[in-house]
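Chains, contacts and geometry: an overview
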Amino acid sequence: MTQTMIHDRGGPSAPVRHVGSPGLIFFILALGGFAIGTAEFAAMSLVPMISAGMHVTVPQAGHAIEAYAAGVCVGAPLIAMLGARYSRKYLLIGMMVLYVIGNGLTALAPNYLCLLLCRFISGLPHGAYFGTAGIVASALVPENRRTQAVARVVLGLTIATIGGVPMANGLGMLVGWRWAFVLIAGLALCTMLLIMRFVPTDPPRPDASAMTEIRALRNRQVWLTLGIGVVGFGGIFCVYTYLASILQEVTHAPAYMTPVLLAVFGVGMTVGTMTCAWAADHKMMPTIGGTLLVNAAALAGFPGAVHSVWSMMPIVFLIGCGGGLGTVIQSRLLSVAVDAQALAAAMNQSAFNMANAIGPWLGGMAISAGLGWESVGWVGSCLAMGGFVIWLLTLSDIRAAARRQAGG
């Protein structure tokens, strides 16, 4: 039995007893991220199977993705506010219970409407889990390693794009799509049991409340930071959503190359997450700005690379690396929303789900306007540059505040 001091930013430090090393705790929290990432991304590849199994059209089956995203947007701020005063360990346990129930019921859904409801329920804990787990992870390390700690949690989601999605998709093809959700529910159950056993118990915060969290969001920097995520991250989803269709319609690549390119994207996202986290712990704002510019350049290069699989690989890898922005944004939110860390971190997930909707929507408009499949690269690059403009506004705001403080 060991004793660890958890530095809960926004609350008092308190010694807690646990039997898990920080490395084990990071692994457990990342396992939850792996389960959530597998559920989120694998569901997209299961849409044709769901369509056939539920006897609905493919677009109707695709509404299951939208129902999940709606659950994320609703659940992230709601759980963060209602759970502000409770122990974060027990919040994590409760969210994993909800994830087990949501995905377990999805596997048993008797009809289409029940399926949509179950996907909505499954999405509720998504954003709040990553927000809460990120706070727990960052409390285990010194201040100058906080972004890397958050990245180790998010790493579970990025690895899911490499291994979890093909595993769930393969299971769906072998024994049916329902078993993919059984697998996800099983991963969530394992995470819940491991959290109960090894994650330290932090004290509740009776002074915290939903109103305290909301009042802390008056900080202009919180909204600017969220804006960077909503706009800047939309470009990545703009390309990722249509990547499989572009490989088929423009590149005319063999079918087996689609999962290969998706895996390349996942590897890039994993590398980007860890690299950006390390850089952000040294220079936060330059890392955000630099990532946006690199991503804008990679997205601008995408249209010229779509006619060859081999030219697409490095571009898709670099676009995936831009996914590292998510961890840096979350870490910055923990810094600027000291009195509302849980809500701000949860809203970060809502912001990225908004980006997940905005990017494909704008890309689809460009394609429908006759600009060609490859136009999603230009749209994505414009979104990344839009995020960079918001970053410039954020930087200007920081410098103006510093001048006022120096003058006062």
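Up top is the structure.
The following refers to the structure shown.

1. Things to note about a nonpolar patch on the surface
- A contiguous nonpolar patch, built from Val97, Ile101, Leu105 and Leu108 and spanning about 340 Å² of accessible area, is present on the exposed surface.
- For Leu108, the location among the structural elements is in helix H4 (residues 88-108).

2. Looking at the nonpolar core
- Among the nonpolar cores identified, the biggest contains 124 residues, and Leu29, Tyr129, Leu261, Ile288, Phe302 and Ile319 are the most heavily contacted of them.
- A total of eleven residues in this core trace back to one element, the largest contributor, which is helix H15 (residues 341-368).
- Once you skip the residues sitting within four places of it in the chain, Leu29 turns out to touch Leu92, Tyr129, Ala133, Val136, Ala137 and Val153.
- Judged by nonpolar contacts, the second largest core, of five residues, contains Leu31, Ala35, Ala160 and Leu187.

3. Some thoughts on the pattern of salt bridges
- Evaluated as defined, the whole model comprises one salt bridge.
- Between Arg220 and Asp397 there is a salt bridge, with the nearest N and O atoms lying 3.0 Å from each other. On the criterion of sequence distance, the pair formed by Arg220 in helix H9 (residues 220-232) and Asp397 in helix H16 (residues 375-407) is long-range, its members being 177 residues apart.

4. Side note on the side chain of Asp281
- By the secondary structure assignment, Asp281 is in the loop between helix H11 (257-280) and helix H12 (284-305).
- The residues touching Asp281, leaving out its near neighbours within four places in the chain, are Asn144, Arg145, Arg146, Thr147 and Gln148.

Rules used in this analysis
Residues numbered from 1 in each chain as written. Predicted model: local features only at pLDDT ≥ 70, side-chain atom pairs only at ≥ 80, totals over all residues. Heavy atoms only, no water. Patch = residues over 30% accessible without salt bridge, like charges linked within 9 Å, V, L, I, M, F, W, Y side chains within 5 Å. Areas by Shrake-Rupley, 256 points an atom, 1.4 Å probe, with all protein chains shown as cover. Salt bridge = Lys/Arg side-chain N within 4 Å of Asp/Glu carboxyl O. Helix = DSSP H or I, 4+ residues; strand = E, 2+ residues; numbered from the N terminus. Core = buried A, V, L, I, M, F, W, Y, C linked by side-chain atoms within 4.5 Å. Buried < 20%, exposed > 50% of the residue type's maximum accessible area, 1.4 Å probe, protein only. Contact = heavy atoms within 4.5 Å.

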